[in-house]
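Observations on the model geometry
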Amino acid sequence: MKRVLEAVVVGAALATALATGWAISQERGAPAGRVPKPAIVQARGDKCVEPVEFMRRSHMQVLLHQRDRTVHEGIRTKGHSLKGCVECHASAATGSVAAEEGDFCRSCHSYAAVRIDCFECHASRPQAVAGGVKP
Amino acid sequence: MSGRDAARRQFLAWGAGALATLTIAPGVLLLRPVHGRAPEQAVTGKARWGLLIDTNRCAAGCDACVTACNRENGLSGATRETDAQWIRKVELRDPRTGRKASLPVMCQHCEHPPCVDVCPTGASFRRADGIVLVDKHICIGCRYCMMACPYKARSLVHEPLADQQPDVPRGKGTVESCTLCVHRVDRGERPACVEACAAAGRGAIVFGDLNDPASAIARRIAQYPSVQVRADLGLNPGVRYEGI
């Protein structure tokens, strides 16, 4: 009897979770598929520094490559710089790319269970408004 | 006037402007194009950046360089043993004569840096243009470099930080020191301490390329006596002092 009850409870919990997940994905305007998608905040500017498909998959390589070139060789091109990402991708709500769950660099990462430490050192807000929100 | 003419005139106007800023008086060049490096160009060993500090112009009690450094690099300015300090003002007194001198001491950007020799991960390194840096991405915070440095120039960040300067990432558990304001140097500016010292009316710190015989710093070193602190160690620091 206890077993059956447990199964019912678990089943109900699962159903609720699925329904909630579906509702959230609906809310975010994701296609009404069964797979929830991360909500990614709108960036400034009209296109990214590389094709979006490439950036989704390979932004970490881009960043790490740029990091070594900047720190060791003093190459300071704008395109792949982390400061550049922050300038375009800081959210309107927090002015940051990593202050809150919904911010650009955290949206996907919490969805994919990735944790980065970059913003323990790097400013997550653009220069001009360090401490404020961009209009 | 055709479009081409207009462009040509604009070009000539720029040329005149550039000349005006470069040649203040015959033979006196104010803004030498010493930092002429494009953003996509890697640093080379052609230049070696250094500082010349005239202790006769440096006043006891003045800490304009220290506060400017703190502001530029996002340091708190606190001076407990666990706080990061990139420049320290040191007061000297010769007990025999009573002569006093005051001078800022920061990373001396050695040609043969002991901090680089002892670093187990390769985080501590000397950039091709002579600036000694920590690659904080590789630093594990072991602090061997702090022990090895004869100038006590390095600090470990002991506490989590927030609101860092975008140009100067800093974080807990990594060692850091004066970077000669590498982010400013790379965009053709002078280090913050040098600007502040000049703005305070002292002009005690000269920044420039030690390898360029025509640079203000190289000419002054060639003409007047200056010393390296602990020259006996043979590290050939890029920071030199006059009047001590």
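Look up a bit, the structure's there.
First, a word on what this report is: a plain description of the structure on this page. (Residues numbered from 1 in each chain as written. Chains lettered and ligands numbered in written order. Predicted model: local features only at pLDDT ≥ 70, side-chain atom pairs only at ≥ 80, totals over all residues. Heavy atoms only, no water.)

Now for the environment of Cys-108 of chain A. Residues and elements named next belong to chain A. Along the chain, the position of Cys-108 falls in helix 4 (residues 104-112). Put simply, Cys-108 and Asp-68 are 40 residues apart on the chain and 24 Å apart in space, counted from C-alpha to C-alpha. In this view, Cys-108 contacts Pro-38 and Ile-40; residues no more than four positions away in its chain are not counted. (Helix = DSSP H or I, 4+ residues; strand = E, 2+ residues; numbered from the N terminus. Contact = heavy atoms within 4.5 Å.)

Moving on: unusual backbone geometry. Peptide bonds are trans in most cases, and residues, glycine excluded, mostly fall at negative phi. We note that His-109 of chain B has phi near 45 degrees; this positive angle belongs to a residue other than glycine. For His-109 of chain B, the position within the fold is in the loop between strand 5 (100-105) and helix 3 (114-118).

What follows is about the sheet that holds strand 11 (residues 239-242) of chain B. Residue and element names in this part refer to chain B. Reading across the sheet, the three strands line up as 10-3-11 and stay open at both edges, with mixed pairing between neighbours. Two strands lie at the open edges of the sheet, namely strand 10 (205-209) and strand 11, each paired on one side alone. Between one strand axis and the next, the sheet turns by 20 degrees as a mean value, whatever way the strands run. (Pairing = 2+ DSSP bridges. Axes fitted to C-alpha atoms, helices over the stretch in contact; angles between N-to-C directions.)

Turning our eyes to something else, we now look at the pairing of strand 3 (residues 49-54) of chain B. Residue and element names in this part refer to chain B. Within strand 3, six of the six residues are buried, leaving the element largely enclosed by the surrounding structure. Both strand 3 and strand 10 contribute to a ladder of five bridges, which runs antiparallel. When the bridges of strand 10 are listed, Ile-53 appears paired with Ile-205. With four bridges connecting them, strand 3 and strand 11 associate as parallel partners. Paired with Asp-54 across the strands is Glu-242, a residue of strand 11. (Buried < 20%, exposed > 50% of the residue type's maximum accessible area, 1.4 Å probe, protein only.)

The next subject is the state of the cysteines. Residue and element names in this part refer to chain B. Scanning the entire structure with this criterion turns up zero disulfides over all chains. Free cysteine Cys-197: the closest other cysteine sulfur is in Cys-65, separated by 6.5 Å. On the basis of relative accessibility, which here comes to 9%, the residue Cys-197 falls in the buried class. (Disulfide = S-S within 2.5 Å.)

Our next topic: helix 2 (residues 52-73) of chain A. All names here are of chain A. Counted at 1.5 Å a residue, the expected span for helix 2 with its 22 residues is 32 Å, but the 27 Å between its end C-alpha atoms falls short. Where helix 2 bends most, at Ser-58, the angle is about 80 degrees. Restricting attention to buried positions, one finds in helix 2 the residues Met-55, Ser-58, Val-62, Gln-66 and Thr-70. Looking one or two residues past helix 2, Gly-74 carries a phi angle of roughly 70 degrees, positive in sign. (Expected span 1.5 Å × (residues − 1). Bend = angle between axes of the 7 residues up to and from the residue.)

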